[in-house]
Amino acid sequence: MKILVLGAGAVGLSVAAKLSTACEVHAVSRKKNADSVRAAGFSLSGIWGTETFRFSISDCVPRDARYDYIIITAKSQDTESLCREYAAIIRDTETVSLQNGIGNEEIIARYTDRVIGGMIITGFEWRADNKVHVSVEAGPAKLGRFPEGFDEPVRRLVSLMAQAGIRVEGTSEIRSELWGKTLYNCALNPLGAVMGVPYGELARPAAWRIITRIVSEGFAVIHAEGIRLPWATADEYLQYLHDVQLPATAQHHSSMLQDLSRGRRTEIDFLNGAVVAKGAAHGIPTPVNACISDLVKFREALASKGAHP
């Protein structure tokens, strides 16, 4: 089995490292990361174990290479450009989105009809160019045929990832899983970034009131989209978020906060921004999601100039 990991940042390098124990892997990453991993290996620490891995890596896809699966782990804003650049190999290959937000699978589907949706709700934090710490995990990763179904190619990949030591389950309703994770991300990721705190601090009353509005608006949009979630109401999900997901990821620092600290664009348009866009299409007001989106974009603009609020 041969797997290509495209857009390998903290998530992609960690997944590639684990998969390298069960199959042949090539990761495409930023040049500085690829150079560092080639020189000293990739070091993983935290709840996925502490180990150094060696696997094939570069800043481009090897010429004439063929793969059984392509796993895209890039930031959502880079999905289109990656698919365009590697359209020739994506076209005939099972291609997995293991990314944040809503819309990545739809973008990939413009380049291939072999799309597998993926959801991973685990915290990955950079420690160095070749080192990642896995801090928290709120549940197993999920894989399913997009937009729905569960077939043999998905089953094989689930089995391979499990063999590599990644907690993973298959599902026939991947859109539900994607929206469920997006709801979690919308509630915590941007607030953690704007406020500069780990997720556990967001249980405080003032922050929780904002989260309640974000989730309520998101739930209305999800219902209009015809997506069935495991929670019947927004209040039921908020209880689950407060009692289960938040404690499990209390020490995690938002990926948006990490992006802002590096002066990079965030995935806000695929998270709260997606809720706003879908809400507008259904005539559903989403003022709090719009406000948090604008706050993150304001922080992006400051970060890009090297300024600090």
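The structure this text deals with has already been given above.
The rules behind each value
- Residues numbered from 1 in each chain as written.
- Predicted model: local features only at pLDDT ≥ 70, side-chain atom pairs only at ≥ 80, totals over all residues.
- Heavy atoms only, no water.
- Buried < 20%, exposed > 50% of the residue type's maximum accessible area, 1.4 Å probe, protein only.
- Helix = DSSP H or I, 4+ residues; strand = E, 2+ residues; numbered from the N terminus.
- Pairing = 2+ DSSP bridges.
- Expected span 1.5 Å × (residues − 1).
- Bend = angle between axes of the 7 residues up to and from the residue.
- Contact = heavy atoms within 4.5 Å.

Participant: Can you explain the pairing of strand β8 (residues 115-119)? Please cite residues and give values.
Facilitator: Counting buried positions over the five residues of β8 gives five, a clear majority of the element. Side-chain alternation along β8 places Val115, Gly117 and Met119 on one buried face and Ile116 and Gly118 on a second face that is also buried. As paired elements, strand β7 (residues 94-98) and β8 share four bridges and run parallel to each other. Bridge assignment links Val96 to a residue of β8, and that residue is Ile116. Where β8 lies against strand β11 (residues 141-145), four bridges are found, and the strand directions are antiparallel. Within the sheet, the bridge partner assigned to Ile116 lies in β11 and is Arg145.

Participant: Report on helix α9 (residues 234-248), specifying residues and quantitative values.
Facilitator: Quick reminder: α-helices carry 3.6 residues per turn. Residues three or four places apart thus point the same way. With 15 residues, α9 extends 20 Å between its outermost C-alpha atoms, agreeing within 8% with the 21 Å of an ideal straight helix rising 1.5 Å per residue. The largest bend along α9 reaches roughly 40° and is located at Leu241. Within the sequence span of α9, burial applies to Ala234, Tyr237, Leu238, Leu241, Gln245 and Leu246. In the core, the buried residues of α9 are packed alongside α7 (174-195) and α8 (205-224).

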